[in-house]
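Structural features, examined
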Amino acid sequence: MKQVKYWGKHYLENLSIIFMVAVFLMLFLAVGEVEVSEGINHLILESLGLLPYYLCFAASFSVLMVGMGYFQSYFPVLVSMNVTRKSVINGIMVCLLCVIITILLISAVIWRFVPINGIELNMQVLMLFGGIQFLAASFSLFCGYVIARWKKIG
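Read on for an overview of the structure.

**Focus: the overall build of the protein**
Scanning the protein from N- to C-terminus turns up 4 helices and 0 strands. Of the regular secondary structure in the protein, the N- to C-terminal order runs α-α-α-α. In the protein, buried positions account for 38% of the 154 residues. Once local pairs closer than 6 in sequence are excluded, the contacts in the protein between residues at least 24 apart make up 78%.

This is how it looks when you write it as structure tokens:
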């Protein structure tokens, strides 16, 4: 139960960071591209329709950085506290997996209920983003393993 609480806290931290970055990107990039002449409701719907793109971009970058960061900072600390290496690695993998799945589900729900053009294309793009995020997570875990195994030499 302690592991679920520990990694759940990191999961929520990752999601909050991803959402803050996505909203920041949306405010500074998407709002400038949406036409305001059609009204504020259209502006909100268009911005909300673009939010999943920014969520997926932010999640891809975050998963890459956070995965390596866990191996550099949390892995040695947890191993020194008598947590098994297998348990730490499983916690990192489950945390990253839950972040990816949550971001993809939130993106799918937004695209499902926001009336925008090309919903079929968006679902195909969502699968592409899922693949990119899983590749980023696997690359992050590989680099983290190299860092944990060989330190700075790796």
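**Some thoughts on unusual backbone geometry**
Despite not being glycine, asparagine 82 shows a phi value in the positive range, around 65°. Tracing the chain through its elements places asparagine 82 in the loop between helix 2 (40-80) and helix 3 (85-113). For asparagine 82, a relative accessible area of 74% translates into the label exposed.

**As for a nonpolar patch on the surface**
Residues Val23, Phe24, Leu27, Phe28 and Leu29 make up a contiguous nonpolar surface patch of roughly 510 Å² in combined accessible area. Inspection of the secondary structure puts leucine 29 in helix 1 (residues 2-33). Take leucine 29: its relative accessible area is 42%, and that puts it in the partly exposed class.

**Comments concerning the packing of aromatic side chains**
We describe a pair of aromatic rings using the distance from one ring centre to the other and the angle between the two ring planes. For the structure shown, the criterion picks out 10 aromatic pairs. Measuring from centroid to centroid gives 5.0 Å for tyrosine 53 and tryptophan 111, while their planes differ by 65°, and the two rings are edge-to-face. Within this pair, whereas tyrosine 53 is found in helix 2, its partner tryptophan 111 is found in helix 3, the two being separated by 58 residues in sequence. On the accessibility criterion, tryptophan 111 (0% relative accessible area) is buried. An angle of 75° between the planes, with centres 6.1 Å apart, marks the rings of tyrosine 53 and phenylalanine 129 as edge-to-face.

Definitions and limits used
Residues numbered from 1 in each chain as written. Predicted model: local features only at pLDDT ≥ 70, side-chain atom pairs only at ≥ 80, totals over all residues. Heavy atoms only, no water. Helix = DSSP H or I, 4+ residues; strand = E, 2+ residues; numbered from the N terminus. Buried < 20%, exposed > 50% of the residue type's maximum accessible area, 1.4 Å probe, protein only. Contact = heavy atoms within 4.5 Å. Patch = residues over 30% accessible without salt bridge, like charges linked within 9 Å, V, L, I, M, F, W, Y side chains within 5 Å. Areas by Shrake-Rupley, 256 points an atom, 1.4 Å probe, with all protein chains shown as cover. Salt bridge = Lys/Arg side-chain N within 4 Å of Asp/Glu carboxyl O. Phe/Tyr/Trp six-rings, centres within 6.5 Å; stacked < 30°, edge-to-face > 60°.

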